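Report on the structure
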Amino acid sequence: ISADSRQVYKHIPIATSYPSGEDLNSIKHYFIGELELNESFNSGEFGKKGREIIEGIFIKNKIPLIAGGSGLYVRSIIDGFFENETDINSEAKLIRDDLYVKLENFGEDYLYNELKKIDKVTFDKIPKGKIRRVIRALEVYYASGKKISEFHDENAEINFTSVQVGLMLDRKYLYERINKRVDVMIENGLIDEVKSLSEKGLHYRNCNSLNTVGIKEVFEFFEKEYDYETMLTMIKQNTRRYAKRQMTWFRKDN
């Protein structure tokens, strides 16, 4: 089960590093190349559908393996988001970062009180020590203008136990891996893949599924914002930044 928010889309196998054809043929994969680029999909839907798939896998007496770096998707499938919860737009990261800064500067009580002012119903349901739930409720409110308590559906029932494994690499080695990965993507035809999207009238500015590292920079190269070498540098730099954010996210998950 791929918990990668971009691998679920068709037509971008190089940019999103689909598993190899050999892997796809030898092991059943889910959420790889299933949706058209203009289809919307969010973490709530992923969690709901993913748990249905997990149940089916258990019925076959097999063990599901969830892999991928979209932290919100991983959290959704194993912690159980509200089923109809919106996966709010790119502003969410800025809002979330700001909330974590407030947490660091002012402490948990400050955020609990902030939630109490805007959504007393949710505040009353969250016990002390569950600060991530507080931050998520605030994030939803500030990004969507809607209280998380107004999403009516009860939290999904989780009827399985998960074991989480994180691979922590030496940062220098990780960055070497990232740089090599970008070079391989270019060798495998990333430029032509994005050119094909452009010829179909698709663009990261009008298609959210394409607003991702690797694709965005190639479009900007086409538009003469970067020369070729700068484009390569930017993809590598932005991928390293993304990896750093991933590690920050998962370190917060005890």
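Residues numbered from 1 in each chain as written. Predicted model: local features only at pLDDT ≥ 70, side-chain atom pairs only at ≥ 80, totals over all residues. Heavy atoms only, no water.

Attention shifts here to the overall build of the protein. For the protein, the count of helices and strands is 11 helices and 0 strands. Overall, the protein shows an N-to-C arrangement of helices and strands of α-α-α-α-α-α-α-α-α-α-α. Computed over the C-alpha atoms, the radius of gyration of the protein is 20 Å, within 12% of the 18 Å expected from 2.2 N^0.38 for a compact globule of 254 residues. Seen along its three principal axes, the alpha-carbon backbone of the protein occupies a region of about 55 × 45 × 40 Å. Within the protein, the proportion of its 254 residues that are buried is 41%. A separation of at least 24 residues holds for 68% of the contacts in the protein among residues at least 6 apart in sequence. Summing over all exposed atoms, the protein offers an accessible surface of approximately 15,000 Å²; the carbon and sulfur share of this is 49%. Each charge sign in the protein was given a centre, from 40 positive and 41 negative side chains, and these centres are 3 Å apart. (Helix = DSSP H or I, 4+ residues; strand = E, 2+ residues; numbered from the N terminus. Rg over C-alpha atoms; globule rule 2.2 N^0.38 Å. Buried < 20%, exposed > 50% of the residue type's maximum accessible area, 1.4 Å probe, protein only. Contact = heavy atoms within 4.5 Å. Areas by Shrake-Rupley, 256 points an atom, 1.4 Å probe, with all protein chains shown as cover. Lys, Arg positive; Asp, Glu negative; His and termini not counted. Charge placed at Lys NZ, Arg CZ, Asp CG, Glu CD.)

In this section: the packing of aromatic side chains. Evaluation of the coordinates by the stated rule reveals 10 aromatic pairs. Relative to Phe222, the ring of Phe221 has its centre 5.9 Å away and its plane inclined at 45 degrees; by these criteria the two rings are tilted. Taking the relative accessible area as the measure of exposure, Phe221 reaches 22% and is therefore partly exposed. Here Phe222 falls in the partly exposed class, since its relative accessible area comes to 28%. Grouped by ring-pair contacts, the aromatic residues Tyr204, Phe219, Phe221, Phe222 and Tyr228 constitute a single cluster. We note Lys28 situated over the ring of Tyr30; from NZ or CZ to the ring centre the distance is 5.1 Å. Seen from the ring of Tyr112, Lys128 lies directly overhead, with NZ or CZ sitting 4.2 Å from the centre. (Phe/Tyr/Trp six-rings, centres within 6.5 Å; stacked < 30°, edge-to-face > 60°. Lys NZ or Arg CZ within 6 Å of the ring centre and 35° of its normal.)

Along the chain, the position of His29 falls in the loop between helix 1 (21–26) and helix 2 (43–59). Along the backbone, His29 and Ser2 are 27 residues apart, and their C-alpha atoms lie at a distance of 7.4 Å. Ignoring anything within four residues of it in the chain, the contact list for His29 reads Pro19, Asp23 and Leu24.

Together, Val163, Val165 and Leu167 line one region of the surface with nonpolar side chains, adding up to about 400 Å² of accessible area. Within the element layout of this structure, Val165 appears in the loop between helix 7 (131–144) and helix 8 (171–188). (Patch = residues over 30% accessible without salt bridge, like charges linked within 9 Å, V, L, I, M, F, W, Y side chains within 5 Å. Salt bridge = Lys/Arg side-chain N within 4 Å of Asp/Glu carboxyl O.)

Glancing now at the side chain of Glu220. With respect to the helices and strands, the residue Glu220 is situated in helix 10 (residues 215–222). The side chain of Glu220 sits in the buried core without any salt bridge; Lys216 is the nearest counter-charge, 4.8 Å away. Glu220 has contacts with Tyr204, Glu225 and Tyr226, leaving out every residue within four places of it along the chain.

To continue, consider the pattern of salt bridges. Per the counting criterion, the structure on display carries 11 salt bridges. With a closest N to O distance of 3.0 Å, Asp183 and Lys236 form a salt bridge. In this pair, Asp183 is assigned in helix 8 and Lys236 in helix 11 (residues 228–251), connecting sequence segments 53 residues apart. Taken together, the shared-partner salt bridges connect Arg96, Arg136 and Glu139 into one network.

What follows deals with helix 5 (residues 108–118). Along helix 5, the positions that sit buried rather than exposed are Leu111, Tyr112, Glu114, Leu115 and Ile118. Burial along helix 5 is one-sided: seen end-on, the buried residues are contained in an arc of 160 degrees. (Arc of directions from axis to C-beta.)

Time to look at the packing of helix 8 against helix 11. Their axes nearest at 10 Å, the elements helix 8 and helix 11 cross at an angle of 135 degrees. Taken together, the axis directions place helix 8 and helix 11 in an arrangement best described as oblique. Viewed along their axes, helix 8 and helix 11 form a crossing whose handedness is right-handed. From helix 8, Arg171, Leu174, Tyr175, Ile178, Asn179, Arg181, Val182, Asp183 and Ile186 reach across to helix 11, where they touch Tyr228, Met231, Leu232, Ile235, Lys236, Thr239, Arg240, Ala243, Lys244, Met247 and Arg251. Here the residues of the contact of helix 8 with helix 11 are counted per class, giving 11 nonpolar, 2 polar and 7 charged. (Axes fitted to C-alpha atoms, helices over the stretch in contact; angles between N-to-C directions. Parallel < 35°, antiparallel > 145°, perpendicular 65-115°, else oblique. Left-handed = near helix turned anticlockwise from the far one by under 90°. Nonpolar A, V, L, I, M, F, W, Y, C, P; charged D, E, K, R; others polar.)

The biggest cluster of nonpolar side chains holds 38 residues, and the ones touching the most others in it are Ile1, Ile12, Phe41, Phe46, Leu190, Leu210 and Met231. Elements supplying a minimum of two residues to this core: helix 2, helix 3 (71–80), helix 8, helix 9 (190–199), helix 10 and helix 11. (Core = buried A, V, L, I, M, F, W, Y, C linked by side-chain atoms within 4.5 Å.)

On to the environment of Glu217, then. Along the chain, the position of Glu217 falls in helix 10. Put simply, Glu217 and Ile53 are 164 residues apart on the chain and 35 Å apart in space, counted from C-alpha to C-alpha.

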